[in-house]
Amino acid sequence: MLAPLFAGQTVQAASDNGVRRIIALEWLPLEMLFALGVTPLAAADTHDYQLWVKDSPIPHGVVDVGKRSEPNLEYIAELQPDLILYTQGFGPREAQLHAIAPSMVFNFSDEQGQPLQTVRAGIVALAEKLGRLEAAHTHLAWFDRQLVEAHAQLASYRRQPLLVFSMIDERHAVILGNKSLFGGVMQKLAIENAWQGENSFWGTATVGIERLATLPATRAICLDHGDEAARARIAATPVWQAIPFVRQNALRTVPAVWLFGATLSALRFCRMLQQLEKQW
């Protein structure tokens, strides 16, 4: 069983250069802070974070500064942050943030489609900024050990390809490909991804539900994100009932895991696979 390394040990950011008041405007750098044992002053979209990232709740007292796409910049300025963390290509313009306080940008992936490698580098860079490099090395070593242990425990998944997806609406699904965070984890675990089609920069493919019916026999995992009513309507349709993994009772629905996170999200995905292993 996997467990967060720093559970119960998050602390207010502190470093030799006085960075204490940190605001995370996107969940990727927020998760990196938690991996380093750091609690920010404020974060964006905390309500939806609790829906998607339930295993690492935001500590009490962290201020909400609005939506990730449109945070309240005036309120952020009033909080007088020492450092603002954001994700490339998401949310306010860089110039707007730099006008308020020193800011640091993070990427989810790179041109080669390597999210795991990219977020590891991001954790080290953030640790250097905060004077917590030892915490970063400890966390990443623990992360690597967890993947090695999971590889040994999940041999049964190597008998058949695995499809991981989430419903967007009653007609579309988003599938996680090899260039996604979880696709990278599956490669580390030697689990074949059933989706070998197109991948966006984020490692995903948006497809019509009828496309799922064209896939060969596979195990499938659907990530729930509070869309039970929509999924119930979909389940009653002939197209859904024609999908091979539905007909073969090879579909499992699990609580949401954040698709665009860092190492903690990757390990939550591993834990979910472990919990499901005996339910197929």
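This structure is a prediction, so every number in the text was calculated from the model and none was measured. (Residues numbered from 1 in each chain as written. Predicted model: local features only at pLDDT ≥ 70, side-chain atom pairs only at ≥ 80, totals over all residues. Heavy atoms only, no water.)

Examining the side chain of R252
The cut-off we apply is this: Strands are runs of DSSP state E lasting at least 2 residues, helices are runs of H or I lasting at least 4, and numbering of each runs from the N terminus. Working definition: with a 1.4 Å probe on protein chains only, accessible area under 20% of the residue-type maximum means buried, over 50% means exposed, and in between means partly exposed. For the charge count, each Lys or Arg is scored as positive and each Asp or Glu as negative, with His and the chain ends excluded. Take a side-chain nitrogen of Lys or Arg and a carboxyl oxygen of Asp or Glu: if they are within 4 Å of each other, that pair is a salt bridge. Residue contacts follow a heavy-atom distance rule, with two residues in contact if any of their heavy atoms lie within 4.5 Å.
The residue R252 is located in strand 12 (residues 251-255) in this model. E277 provides the closest opposite charge to the buried, unpaired R252, separated from it by 13 Å. Leaving out residues up to four positions away in the same chain, R252 has contacts with A220, I221, C222, L276, Q279 and W280.

Observations concerning helix 9 (residues 228-235)
The condition that has to hold: Arc definition: it is the arc formed by the directions from the helix axis to the C-beta atoms.
Along helix 9, the positions that sit buried rather than exposed are A230, R231 and I234. Viewed end-on, helix 9 has its buried residues packed into an arc of 95°, placing them on one side of the element.

Some thoughts on the sheet that holds strand 7 (residues 103-106)
Condition: At least two DSSP bridges between two strands are required for those strands to pair. The axes used here are C-alpha line fits, helices contributing only the stretch in contact, and every angle between their N-to-C directions lies in the interval 0 to 180 degrees.
Reading across the sheet, the 5 strands line up as 5-4-2-6-7 and stay open at both edges, with parallel pairing between neighbours. The open sheet is flanked by strand 5 (63-64) and strand 7, the only strands paired with a single partner. Here strand 2 (residues 22-24) runs beside strand 6 (residues 83-87); their pairing, made up of 3 bridges, is parallel. Across the sheet, the residue bridging to I22 is L83, located in strand 6. Packed onto the sheet, helix 1 (residues 27-35) meets strand 2, strand 4 (42-43), strand 6 and strand 7 and runs at close to 125° relative to strand 6. Running over the sheet, helix 5 (residues 115-130) touches strand 2, strand 6 and strand 7 and is turned about 165° from strand 7.

Considerations on the sheet that holds strand 12
Read across the open sheet, the 5 strands follow the order 10-9-8-11-12; overall the sheet is mixed. One side of each edge strand has no neighbouring strand; the edge strands of this open sheet are strand 10 (204-208) and strand 12. With direction set aside, neighbouring strand axes in the sheet form an average angle of 30°. Pairing of strand 9 (residues 172-176) with strand 10 involves 5 bridges; the strand directions are antiparallel. Along strand 10, the bridge assignment pairs A173 with V207.

With respect to the pattern of salt bridges
A complete count under the given rule lists 9 salt bridges for this structure. One salt bridge in this structure joins K67 and D48, with 3.8 Å as the shortest N-O distance. Taken together, the residues K67 in the loop between strand 5 and helix 3 (73-78) and D48 in helix 2 (residues 46-52) connect sequence positions 19 residues apart. Its relative accessible area of 25% is what places D48 among the partly exposed residues. In this structure, E170 and R233 form a salt bridge, with 2.5 Å as the shortest nitrogen-oxygen distance. Placement of E170 in the loop between strand 8 (162-167) and strand 9 and of R233 in helix 9 is noted, with a sequence separation of 63 residues between them.

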